[in-house]
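Per-entry structural report
Take a look at the letters that make up each chain.
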Amino acid sequence: MADAHSDAAFERRKRAAQPRRATAADREQVIECLTAAFATDPVMSWIGRKDAKRDQGRRAMFRFLVGKLGLPGGELWTADDYGAAALWIPPERADMKLPWWEEVRLLPTIMTFTGIGGLSRADAFRKAADKHHPKDKPHFYLMTVGVNPKFQGQGLGSALLEANLAAIDAKGLPSYLESSNEKNVPLYRRHGYQVINEFRPAPDGPPLWGMWREAKAR
Ligand SMILES: CC(C)(COP(=O)(O)OP(=O)(O)OC[C@H]1O[C@@H](n2cnc3c(N)ncnc32)[C@H](O)[C@@H]1OP(=O)(O)O)[C@@H](O)C(=O)NCCC(=O)NCCS
């Protein structure tokens, strides 16, 4: 891992602290950043296929999330060097509803991601995440955040989160996320999130932590 104290890391942190909304021109780089970031994520690894096509499968899934939820939702954030990216769902799109033809198109994408045998894992995850997702208050939902593995642990994720949360605080809105890795729980706690539930998508599935953050007055 590169040195977090180097000048280059300092510059990368600075860029992540001043993110911009991703546009269609950023699509491929953002997909690559997220695909690489989640290579060893416990939840994605459980849902996804385990064979030689696993990277390809994850990429297909992020292509879908970025193209169908991130870019249209207008809350997909990245920095100029694509060191980090975050996809939020704003309150007005909370139901994440897709037209039926997009749902139909989603099926082959999920199959590319999971392989045929993994469809039931994807379904179990969707149901468990939906069941635990708070629905009573309008909020921002952090669907995914990732840092290029070469630059993880250098403060890029924190810088991007902090910038996004400052904008969400300015709207006076709370936010929610599911941590798919125990390692990230302290990071989110430092940013003001509290664990409100812990669940598994299936008895043999990995744990997830549902975390909520009230808006902070600044
Ligand atoms: C989680 C993630 C976005 C954090 O961004 P980051 O720039 O690596 O993290 P920062 O340097 O700002 O903060 C470091 C903290 O992040 C957490 N962390 C999670 N994964 C980490 C990793 N691979 N390397 C270093 N820190 C990591 C730890 O809590 C760490 O705090 P610590 O040093 O006290 O243990 C990034 O590590 C990542 O993309 N991980 C893989 C994908 C993922 O887990 N996404 C979030 C899903 S909920």
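Right, let's walk through the structure included here.

Procedures and definitions
Residues numbered from 1 in each chain as written. Predicted model: local features only at pLDDT ≥ 70, side-chain atom pairs only at ≥ 80, totals over all residues. Heavy atoms only, no water. Helix = DSSP H or I, 4+ residues; strand = E, 2+ residues; numbered from the N terminus. Buried < 20%, exposed > 50% of the residue type's maximum accessible area, 1.4 Å probe, protein only. Near = heavy atom within 4 Å. Polar contact = N/O pair within 3.5 Å; in protein donor to acceptor, adjacent residues only side chain to side chain. Areas by Shrake-Rupley, 256 points an atom, 1.4 Å probe, with all protein chains shown as cover. Nonpolar A, V, L, I, M, F, W, Y, C, P; charged D, E, K, R; others polar. Contact = heavy atoms within 4.5 Å. Phe/Tyr/Trp six-rings, centres within 6.5 Å; stacked < 30°, edge-to-face > 60°.

So, unusual backbone geometry
The backbone of Tyr82 sits at a positive phi, close to 55 degrees, despite the residue not being glycine. Secondary-structure assignment places Tyr82 in the loop between strand E2 (76-78) and strand E3 (84-89). By relative accessible area, Tyr82 is classed as buried at 17%.

Topic: the site of the ligand
Taken together, 20 residues are adjacent to the ligand, and Val147, Gln152, Gly155, Gly157 and Ser158 come closest. The separation between an oxygen atom of the ligand and a polar main-chain atom of Val147 is 2.8 Å. With respect to the ligand, the side chain of Asn184 contributes an N or O atom lying 2.9 Å from an oxygen atom. Coverage of the ligand by the protein amounts to 77% of the 850 Å² it exposes when considered alone. Looking at the shell around the ligand, the elements with two or more residues in it are strand E4 (140-147), helix H7 (156-170), strand E5 (175-179) and helix H8 (185-190). Classifying every residue of the shell around the ligand by side-chain character gives seven nonpolar, ten polar and three charged.

Side note on the environment of Pro19
Secondary-structure assignment places Pro19 in the loop between helix H1 (7-16) and strand E1 (20-21). A relative accessible area of 16% means that Pro19 is categorised as buried. Through-space distance from the C-alpha of Pro19 to that of Gly70 is 15 Å; in sequence the pair is 51 residues apart. Setting aside residues up to four positions removed in sequence, Pro19 forms contacts with Trp77, Thr78, Leu160, Ala163 and Asn164.

Some thoughts on the packing of aromatic side chains
Tallying each qualifying case throughout the model produces six aromatic pairs. Each ring, one from Phe38 and one from Phe62, has its centre 5.4 Å from the other, and the planes form 50 degrees; the classification is tilted. Residue Phe38 is located in the loop between helix H2 (27-37) and helix H3 (42-47), and its partner Phe62 is located in helix H4 (residues 54-73); the two are separated by 24 residues in the primary sequence. Taken as a pair, Phe38 and Phe62 share a single burial class, namely buried. Judged by centre distance (5.9 Å) and plane angle (90 degrees), the rings of Trp100 and Trp101 are edge-to-face. Relative accessible area serves as the criterion here: at 63%, Trp100 is assigned to the exposed category. Three or more aromatic residues link up through ring pairs in this structure, and these residues are Tyr141, Tyr176 and Trp212.

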